[in-house]
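# What the coordinates show
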Amino acid sequence: MAFQLIVMYHHPEDVSAFDEHYDSVHAPIAARLPGLRSYTVMRPAAVRGERPAYHLIAVLTFDDEDAFNAGMAGEEGKAAVADLASFAGAGVTMVTGPADAVV
């Protein structure tokens, strides 16, 4: 069963600076995580004019929990976590766990 890390980024004060750093620095670091099967990013849209709960949501999928743990314990994982302080001052919410396809 796959194992996922879902990172939900709170709304930054400076959206342009956040997006520039995420796209040009953070995402390339995260994309190099050993064992990473897939990596998707969504910038939620407003629904009925309401601000979405998060500015950006990243979903990183690994083959299993062992692959996730190994990837995060390595150099790239440590670099990705350390980089959060560079641009995610508004905070992040992270969840991890087994993931299974429904359809």
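In this numbering scheme, every chain counts its residues from 1 along its sequence in written order. It should be noted that, the model being predicted, local features are given only for residues of pLDDT at least 70 and side-chain atom pairs only at 80 or more, the latter also being counted only at that level, while totals for whole chains, interfaces and linings use all residues. For the side-chain quantities, the full set of heavy atoms in the structure was used; hydrogens and water were omitted.

### Focus on the packing of aromatic side chains
For the record, the criterion: Side-chain rings of Phe, Tyr and Trp, where Trp is taken by its six-membered ring, are said to pair if the distance between their centres is within 6.5 Å; with planes under 30 degrees apart they count as stacked, over 60 as edge-to-face, and otherwise as tilted. Type-normalised accessible area, obtained with a 1.4 Å probe on protein chains alone, sets the label of each residue: buried when under 20%, exposed when over 50%, and partly exposed for intermediate values.
Within this structure, the stated rule accounts for eight aromatic pairs. Centre to centre, the rings of Phe-62 and Phe-68 are 5.5 Å apart; their planes meet at 75°, and the pair counts as edge-to-face. Here the two residues Phe-62 and Phe-68 agree in accessibility, since each one is buried. Three or more aromatic residues joined by ring pairs make a cluster, and in this case those are Tyr-9, Phe-18, Tyr-22 and Phe-87.

### Section: helix H2 (residues 65-73)
The test is simple: In this description a helix means any DSSP run of H or I spanning at least four residues, a strand means any run of E spanning at least two, and both kinds are numbered starting from the N terminus. Of all possible arcs, the one meant is that of the directions from the helix axis to the C-beta atoms. Contacts are residue-level and defined by heavy atoms, with any inter-residue pair within 4.5 Å sufficient. Two N or O atoms count as a polar contact when they lie within 3.5 Å, although within protein this holds only if one can serve as hydrogen donor and the other as acceptor, and sequence-adjacent residues are included solely when both atoms are side-chain atoms.
Restricting attention to buried positions, one finds in H2 the residues Ala-67, Phe-68 and Gly-71. Buried residues along H2 cover an arc of 100° about the axis, so they all sit on one side. Away from its buried face, by an angle of more than 90 degrees, H2 presents the exposed residues Asp-66 and Ala-70. Buried residues belonging to H2 abut strand E1 (2-9), strand E3 (56-62), helix H3 (75-87) and strand E4 (92-99). Two to three positions downstream of the cap, the backbone nitrogen of Asp-66 sits 3.2 Å from a side-chain oxygen, assigning the N-cap of H2 to Asp-64.

### Some points on unusual backbone geometry
One non-glycine residue with positive phi stands out, namely Arg-48, at about 55°. The exposure class assigned to Arg-48 is exposed, which follows from its relative accessible area of 73%.

### Quick word on the side chain of His-55
Here His-55 lies in the loop between strand E2 (36-42) and E3. Overall, the relative accessible area of 11% leaves His-55 in the buried class. There is a polar contact of 2.7 Å between the side chain of His-55 and the side chain of Asp-19. Residue contacts for His-55: discarding those within four places in its chain leaves Tyr-9, His-10, His-11, Pro-12, Val-15, Phe-18, Asp-19, Met-42, Arg-43 and Pro-44.

### A look at the side chain of Asp-19
You can see Asp-19 is positioned in helix H1 (residues 15-31). Taking relative accessible area as the criterion, Asp-19 reaches 17% and is therefore assigned buried. Beyond its immediate sequence surroundings of up to four residues, Asp-19 is in contact with Arg-43 and His-55.

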